[in-house]
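An overview of the molecular structure
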Amino acid sequence: MILIIYNFIFPIRLVVFPQFAFLLYAFLLAQAIFYRNLFVIFTKTSFFAPTIFLSTIVLLLSIFSILYNQSNDFLGIILIVKYIFSITSSLIITLFIIRQYQNNSLLIFMKIIVLSTLLVAVVCISEFFIPEVKMLLADIIYDPPGHTDYATSFRVKGLASSGGSSLSVGLATATILSYFLISITKGIKSLFWIFSTFIISISTLFVGRAGIFLILAFFLLQFISSFSLKSIAKVI
C-alpha cells in the first residue's frame, strides 16, 4: 500500500517498462475487488453521485465535440477517464488506510506522504549536485514525449516521471504536512520532521517556481498569524 500511495503521488514510468505505473494501478484494482465492501462505502459517500454525474456530462460533451467537429483529438475523453480513476483510486486508498489504522489513519497517511516526498526530495538534491545520479535516473526513468529533457536541463525530478509545477506543488504540500507533524510531535522525534521540512523545502528550489511560492506564502501566513497573536497577547 505504501508503494501504491507513493506511485499515486509521484507516478513512475520505467524506460524498460513505460507502463509500470499502470501495473501498480492494476494491483490497486485487485485490492478494490478483494475489499469490495470498501468500494461499497465509497459509492455511499455524498460526493459520489455528483462526481459521476458531472464527469458523465463532460464526457458526453467531449464525445459530442469530437463527432461534431469530426476530430481525432481524444484528449478530453482521456482526461475525464483519468480524473474518474484518480478520484476512485484516492478514495479506495483512503478507506483502506482508515480500515487498517482507524483513529490513527490520518496521522499514518500524512507520515506516508511526507516520507515518500522526503525520498523524492533527497534524490532531487542528489540529482542536482551529482551529475552521475542525474544520468543514472535518465537511463532508468522514462520521460514522456514533450516534457523537459531533464538529462540536459538544470531542473530535476527525482524518482518521478513528471517534474515541474506538478512535482513542486507536491513537494510544497508535503512541506506543509511535515511542518504540521512538527507541531504535534514532542521530544527528539520532532527533530526528524524538522529535518524533513528543511530538506523537502530546499529540494523545491531545483524543481519549480509554483512550489516555492506556495511554501513562501504558507510560512508568511504562519509568521503573520503568530505575530498577530503575540500582539493581541501584549494588548491583553
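Residues numbered from 1 in each chain as written. Predicted model: local features only at pLDDT ≥ 70, side-chain atom pairs only at ≥ 80, totals over all residues. Heavy atoms only, no water.

1. A look at the overall build of the chain
As a reminder, the rule being used: By the criteria applied, helices consist of DSSP H or I runs no shorter than four residues and strands consist of E runs no shorter than two, each listed in order from the N terminus. Working definition: with a 1.4 Å probe on protein chains only, accessible area under 20% of the residue-type maximum means buried, over 50% means exposed, and in between means partly exposed. Any two residues whose heavy atoms approach within 4.5 Å at even a single point are treated as in contact. The protein chains shown are the only cover counted for residues, whose accessible areas, like all others here, come from Shrake-Rupley with a 1.4 Å probe.
Of regular secondary structure, the chain possesses 10 helices and zero strands. In sequence order, the secondary structure elements of the chain are arranged as α-α-α-α-α-α-α-α-α-α. Buried residues in the chain amount to 34% of all 236 residues. Taking as baseline every contact in the chain between residues at least 6 positions apart, the subset at least 24 positions apart corresponds to 66%. On the chain, roughly 14600 Å² of surface is accessible, and the fraction owed to carbon and sulfur atoms is 73%.

2. Brief notes about the nonpolar core
Spelled out, the test is: Joining through side-chain atoms within 4.5 Å is the link that ties buried Ala, Val, Leu, Ile, Met, Phe, Trp, Tyr and Cys residues into a set, and such a set is a nonpolar core.
In terms of nonpolar packing, the biggest core is built from 21 residues, with Phe10, Val120, Cys124, Leu167, Leu171, Ile200 and Val207 touching the most fellow members. Elements supplying a minimum of two residues to this core: helix 6 (105-129), helix 8 (164-184) and helix 9 (189-204). No other element matches the seven residues that helix 6 contributes to this core. Other than its neighbours up to four places away in sequence, cysteine 124 contacts Val156, Lys157, Gly158, Leu167, Ser203 and Val207. Of all hydrophobic cores here, the second largest spans five residues; its members include Ile5, Ile93, Ile97 and Ile112.

3. Notes on the confidence of the model for the chain
Worth spelling out the cut-off: A score from 0 to 100, pLDDT tells how confident the predictor is in each residue.
Per-residue confidence for the chain gives a mean pLDDT of 80; residues scoring 70 or more make up 83%. Here helix 2 (residues 20-34) stands out as the least confident element of the chain, with mean pLDDT 67; helix 9 is the most confident, with 93.

4. Some details on the side chain of serine 201
One can find serine 201 in helix 9. Setting aside its immediate chain neighbours within four residues, serine 201 contacts Thr175 and Ile215.

5. Remarks on a nonpolar patch on the surface
What counts here: A patch consists of residues exposed above 30% relative accessible area that lack any salt bridge, with like charges linked at up to 9 Å and nonpolar side chains (Val, Leu, Ile, Met, Phe, Trp, Tyr) linked at up to 5 Å. Salt bridges are counted wherever a side-chain nitrogen of Lys or Arg sits within 4 Å of a carboxyl oxygen of Asp or Glu.
On the surface, a nonpolar cluster with roughly 560 Å² of combined accessible area is contributed by Leu220, Leu221, Phe223, Ile224 and Phe227. As for its position among the elements, phenylalanine 223 is in helix 10 (residues 209-235).

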